[in-house]
Amino acid sequence: MRRLFLAVPFALIASTALGAGWESGMQEDEGGSVMMAWVFGAQGGDVPPELRMMCGDELVLRYGQGAAPEGAPDPIIDTPVSFTFDFGDDILSLDMQYEDIDGMYAAYFPTDSLIVGFLRTEDSVAVDAPSGPWPVQEFTLEGSSKAIAAVLKSCR
């Protein structure tokens with residue numbers, strides 16, 4: 001197994017079934033309407049885990065961990081958290097910063113970053129924060145290529 005590391009400043013296979021595939025469309029964000037791609041994980045009840053991608057000054061990947069496990073500490077606001085993105089044969093490590101405005105972790109990177117290619121071409125991804133109390137979350141990547149392509153087109 002190759003192990004790849006991608007550290008980004010500023011910047012989760014516990015579920016038995018994956019959520020529906022990726023979608024894309026215009027969504028309201030703090031700066032107005034933006035093209036977004038997203039997928040929800042299978043776990044989470046009222047607050048399912050999710051991955052979101054959109055363009056800003058750079059490409060943004062957001063990760064919402066879903067409902068907090070009982071007794072989980074508050075998110076670390078001032079320090080990036082290292083998450084692993086396990087694609088089966090390849091694992092990427094990505095530093096993500098908690099953003100209180102939407103309660104998600106975020107990483108910013110160029111559109112040609114390695115993680116974008118994996119998210120567009122693999123079957124699924126398991127996201128984990130090895131240092132935290134959150135369970136590993138698995139997401140399908142079905143439909144991700146088309147959804148992410150719509151976001152990338154909006155970046156130009």
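Residues numbered from 1 in each chain as written. Predicted model: local features only at pLDDT ≥ 70, side-chain atom pairs only at ≥ 80, totals over all residues. Heavy atoms only, no water.

Caption draft 1: Up close: the pairing of strand β7 (residues 90-99). Buried residues dominate β7, accounting for 9 of its 10 residues. As judged from the 6 bridges shared by strand β6 (residues 81-86) and β7, these two strands associate in the antiparallel manner. Bridge pairing in β7 links S82 to D95. The hairpin turn running from β6 into β7, its antiparallel successor, is 3 residues long, and G88 in that turn takes a positive phi close to 100°. Two strands pair when backbone bridges link them, and β7 and strand β8 (residues 104-109) are joined in this way by 3 bridges, in the antiparallel orientation. Following the sheet pairing, Q97 is matched in β8 by A106. Connecting β7 to the antiparallel partner β8 that follows it, the hairpin turn spans 4 residues, and G103 within it adopts a positive phi of roughly 70°. (Buried < 20%, exposed > 50% of the residue type's maximum accessible area, 1.4 Å probe, protein only. Helix = DSSP H or I, 4+ residues; strand = E, 2+ residues; numbered from the N terminus. Pairing = 2+ DSSP bridges.)

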